[in-house]
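# Results of the structural survey
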Amino acid sequence: MLSRLVLRAAPAALRALPPPVAVGVLHTTRPLHTTQQSLAPVPPLPEKGGEVRHGLIPEEFFQFLYPKTGVTGPYMLGTGLLLYLLSKEIYVVNHETAAAACILTVIVYGIKKFGADVGAFADKLNEEKVAMAQSMKDNAMKMLQTAIEEEKKEQWRVEGHSYLFDAKRNNIAMLLETNYRERLLMVYNEVKKRLDYQVAMQTLKRQKEQDHMIQWVEKNVVQSITPQQQKESIAKCILDLKALSKSAHAAV
Amino acid sequence: LPAAVLLKDTKLMDVKLGQLGSWLAMRDFTPGGILGAVRRGHERYYNKYINVRKGGLGGISMVLAGYIVLSYMWSYSHV
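Note that this is a predicted model, so its numbers are computed, not measured. Each chain carries its own residue numbering, running from 1 in the direction its sequence is written. Both sets of labels track the order of writing: A upward for chains, 1 upward for ligands. pLDDT decides what is reported in this predicted model: residues at 70 or higher carry local features, side-chain atom pairs at 80 or more are listed and counted, and totals for whole chains, interfaces and linings draw on all residues regardless. The basis for the side-chain values is all heavy atoms of the structure; hydrogens and waters are excluded.

### With respect to the interface of chain B and chain A
Where we set the bar: By definition, residues are in contact when any of their heavy atoms lie within 4.5 Å. Summed over both partners, the accessible area (1.4 Å probe) lost when two parts come together is defined as the buried area. One speaks of a salt bridge when a side-chain nitrogen belonging to Lys or Arg is within 4 Å of a carboxyl oxygen belonging to Asp or Glu. Polar contacts, as counted here, are pairs of nitrogen or oxygen atoms within 3.5 Å of one another; within protein the pair requires one atom able to donate a hydrogen and one able to accept it, and residues that are adjacent in sequence qualify only if both atoms are side-chain atoms. Only DSSP runs of H or I covering at least 4 residues are called helices, and only runs of E covering at least 2 are called strands; the numbering of each starts at the N terminus. Polar here means any residue other than Ala, Val, Leu, Ile, Met, Phe, Trp, Tyr, Cys and Pro, which are nonpolar, and Asp, Glu, Lys and Arg, which are charged; Gly is therefore polar.
With 18 residues of chain B at the interface, the matching set in chain A holds 26 residues. Taken together, both faces of the contact between chain B and chain A bury some 1900 Å²; the carbon and sulfur share is 54%. Looking only at chain B, the three residues that lose the most surface to chain A are Asn 51, Arg 53 and Lys 54 of chain B, adding up to 32% of its buried area. Where chain B packs against chain A, one counts two salt bridges. A salt bridge links Lys 54 of chain B to Asp 123 of chain A; the nearest nitrogen and oxygen atoms lie 3.0 Å apart. Counting across the interface, chain B meets chain A through six residue pairs in polar contact (both at pLDDT 80 or more). Where the side of chain B that touches chain A is concerned, the elements lending two or more residues are helix H2 (31-50) and helix H3 (58-74) of chain B. Within the side of chain B that touches chain A, the residues separate by chemical class into ten nonpolar, four polar and four charged.

This is the structure in structure tokens:
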């Protein structure tokens, strides 16, 4: 029902939109809409319908006749009309009249007795519908509100991104530095190993040469000791030993 | 001084008795016009008496009373 109201209000609202500036000069007598959105808040339903007296005749009729005839005017008109219809037999009294009278009595009695209750019940149904729609609207508003807050938090988080990136950059710099140092150390070690190898080779070679030379010299010397020299040296040693033993005996 | 309004645009309650004939002749009697008039009348009645928060008895009872009177008028010759 509300959507139909909107649809019905749409052409009126569209007609009420401000016309383009070039044509606006001609329509000065028409009131122009100044609000931006004339469709968005749908005007609420009127609280009560038009006044109806005795359930049959709208109040406007009584107001229409009031200036000329006062308060009793319409009733006199009604009575006169009724008498005219009856007397001229425009309204014929037959069996249907009796039936209508009985039915109308029952209806009027029923309405007088149960009218208020039925009205309250219908109002309750309406209230429930309105409350459901309102709760849906409130839910939607709440969800949108939380969405807005989430969005704001996300925006705040984005500001922190710069710190995050700085930290990451620092990390990466440190990693690179460490890597560089490791490789430097590796290079140093490798070079040292090679140099040590070279040094070891040299020392080994020299040592071997020395050993070999010593051996060779020894061998030659031993070879050069002829047997005659050997005898002479042994005799000399024995004489020396004897002399020593004599001096030792003397000391004791 | 308000601008003079054409007879075509006046409402029924503002039409003088003498102008009634010419006013009636000026109305739109095409099928589209009749349909538009029916729709407008229905909208006026609906929005005034039925499409409200606390509708009363008068809304439907007036329609029923009008139906009763009309059907009596149509079947008068049988009575």
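### Here's the deal with the packing of aromatic side chains
This is how the line gets drawn: Planes of paired rings set the category: under 30 degrees apart is stacked, over 60 is edge-to-face and the rest tilted, where pairs are Phe, Tyr or Trp rings (Trp by its six-membered ring) whose centres lie within 6.5 Å. In this scheme, a residue with accessible area under 20% of its type's maximum is buried, one over 50% is exposed, and one in between is partly exposed, where area comes from a 1.4 Å probe on protein chains only. Two limits define a charge over a ring: the Lys NZ or Arg CZ must be within 6 Å of the ring centre, and within 35 degrees of the ring normal.
Applying the stated criterion across every chain, the model contains five aromatic pairs over all chains. On the numbers, 5.6 Å between centres and 55° between planes, the contact of Phe 62 of chain A with Tyr 75 of chain A is tilted. Here Tyr 75 of chain A lies in helix H4 (residues 73-87) and Phe 62 of chain A lies in helix H3 (residues 59-69), a separation of 13 residues in the sequence. Using a relative accessible area of 5% as the deciding quantity, one classes Phe 62 of chain A as buried. Between the aromatic rings of Tyr 72 of chain B and Tyr 76 of chain B, the centroid separation amounts to 6.2 Å while the plane-to-plane angle is 55°, which identifies the pairing as tilted. Assessed through its relative accessible area of 21%, Tyr 72 of chain B is described here as partly exposed. The exposure class assigned to Tyr 76 of chain B is partly exposed, which follows from its relative accessible area of 35%. An aromatic cluster of at least three residues, connected via ring pairs, comprises Phe 61, Phe 62 and Tyr 75 of chain A. Over the face of the ring belonging to Phe 62 of chain A we find Arg 53 of chain A, whose NZ or CZ atom lies 4.0 Å from the ring centre.

### Things to note about helix H5 (residues 95-224) of chain A
Formally: Multiplying 1.5 Å by the residue count of a helix minus one yields the expected span of that helix. Across the chain, bend at a residue is computed as the angle between axes fitted to the seven residues ending at that point and the seven starting from it.
Helix length check: H5 of chain A (130 residues) gives 178 Å between terminal C-alpha atoms against 194 Å at 1.5 Å per residue, within 8%. Roughly 55° is the biggest bend found in H5 of chain A, and it falls at Phe 114 of chain A.

### Overview of the UniProt feature "transmembrane region" (unreviewed entry) in chain B
Selection criterion: UniProt positions are given in the numbering used here, feature names are shortened, and annotations may be inferred rather than shown by experiment.
Look at the UniProt record and you will see "transmembrane region" (unreviewed entry) annotated at residues 55-74 of chain B. Split by type, residues 55-74 of chain B is 85% helix and 0% strand. Its first and last C-alpha atoms lie 30 Å apart.

### A word on the pattern of salt bridges
Residue and element names in this part refer to chain A. Scanning the entire structure with this criterion turns up ten salt bridges over all chains. Its salt-bridge partner being Glu 190, residue Lys 193 comes within 3.4 Å of it at the nearest N-O pair. Of this pair, Lys 193 and Glu 190 are both found in helix H5, three residues apart, which corresponds to roughly one turn of the helix. What you see here is one network of salt bridges that share partners, running through Glu 190, Lys 193 and Arg 194.

### Some points on H4 of chain A
Given 3.6 residues per turn, any residue in an α-helix points the same way as the ones three and four places further on. Here H4 of chain A contains 15 residues, and its C-alpha end-to-end distance of 21 Å stays within 8% of the 21 Å for a straight helix at 1.5 Å per residue. A positive backbone phi angle near 60° is found at Glu 89 of chain A, which sits one or two residues after H4 of chain A.

### What about a nonpolar patch on the surface?
This is how the line gets drawn: Patch membership requires over 30% relative accessible area and the absence of a salt bridge. Like charges are linked within 9 Å, and nonpolar side chains (Val, Leu, Ile, Met, Phe, Trp, Tyr) within 5 Å. Using a 1.4 Å probe, the Shrake-Rupley method yields the accessible areas, and only the shown protein chains count as cover for residues.
A contiguous nonpolar patch, built from Leu 56, Ile 57, Phe 61, Phe 64, Leu 77, Leu 81, Tyr 84 and Ile 90 of chain A together with Met 13 and Tyr 76 of chain B and spanning about 940 Å² of accessible area, is present on the exposed surface. Secondary structure elements with two or more residues in the nonpolar patch: H3 and H4 of chain A. Broken down by element, the residue count for the nonpolar patch peaks at three residues, all from H4 of chain A. Here Leu 77 of chain A lies in helix H4.

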